[in-house]
Amino acid sequence: MAQIPSSKVPTTAAMIAAFSTLQRAFAERYDIESPWPPVPDVSVLRALVPASQAAMQLGVSVKTLANWRTSGVKGPKFVRVGARILYRQDDLIEFISSGVRSSTSDKGGV
């Protein structure tokens, strides 16, 4: 069996976009609502990172992130998907921004 060159293999986003287009065309052609569930927004999935990557971006250990999650006192917001813990890029940026101070005596939040 011949191998498809990797440059010719469509990306997941391209396949989802193509499916979405077919879904709309089918619904319009037969003047019905699409029988398939809506295609998920892939940009949301791209914005989720695992705890290991979030820890690397924040410069802390995965254990520190786990301690922050369990204490609820500090740390970025997180998303639980089944047993996995994921972090949204926007929440990591917000957490980093909340730590901006103008001096060591600046307590922040005022």
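Residues numbered from 1 in each chain as written. Predicted model: local features only at pLDDT ≥ 70, side-chain atom pairs only at ≥ 80, totals over all residues. Heavy atoms only, no water.

J.: Provide a residue-level description of the packing of helix H3 (residues 51-58) against helix H4 (residues 62-71), including the pertinent values.
T.: At their nearest, the axes of H3 and H4 sit 8 Å apart, and the two run at 100° to each other. With respect to H4, the element H3 is oriented roughly perpendicular. Contacts between H3 and H4 pair Ala51, Ser52, Ala54, Ala55 and Leu58 from the former with Val62, Leu65, Trp68 and Arg69 from the latter. Tallied by class, the residues present in the contact of H3 with H4 amount to seven nonpolar, one polar and one charged. (Axes fitted to C-alpha atoms, helices over the stretch in contact; angles between N-to-C directions. Helix = DSSP H or I, 4+ residues; strand = E, 2+ residues; numbered from the N terminus. Parallel < 35°, antiparallel > 145°, perpendicular 65-115°, else oblique. Contact = heavy atoms within 4.5 Å. Nonpolar A, V, L, I, M, F, W, Y, C, P; charged D, E, K, R; others polar.)

J.: I'd love a proper account of the packing of aromatic side chains, names of residues and values included.
T.: As enumerated under the stated definition, the model contains two aromatic pairs in all. Arranged with centres 5.4 Å apart and planes meeting at 55°, the rings of tryptophan 68 and phenylalanine 95 form a pair that is tilted. Of this pair, tryptophan 68 sits in helix H4 while phenylalanine 95 sits in helix H5 (residues 89-98), and the two are 27 residues apart along the sequence. For tryptophan 68, a relative accessible area of 15% gives the class buried. (Phe/Tyr/Trp six-rings, centres within 6.5 Å; stacked < 30°, edge-to-face > 60°. Buried < 20%, exposed > 50% of the residue type's maximum accessible area, 1.4 Å probe, protein only.)

J.: Account for H5, naming residues and giving values.
T.: By the burial criterion, the buried members of H5 are Asp91, Leu92 and Phe95. Down the axis of H5, the smallest arc covering the buried residues is 100°, so these residues share one side. In the core, the buried residues of H5 are packed alongside strand E1 (48-50), H3, H4 and strand E3 (84-88). (Arc of directions from axis to C-beta.)

J.: Would you mind going over the packing of H3 against H5 in detail, with residue names and values included?
T.: Between H3 and H5, the shortest axis-to-axis distance is 11 Å and the interhelical angle comes to 30°. Classified by the interaxial angle, the pair formed by H3 and H5 is roughly parallel. The hand of the H3/H5 crossing is right-handed. Listed contacts from H5 to Ala54, Gln57 and Leu58 of H3 are Gln89, Leu92, Phe95 and Ile96. Taken together, the residues of the contact of H3 with H5 break down into five nonpolar, two polar and no charged. (Left-handed = near helix turned anticlockwise from the far one by under 90°.)

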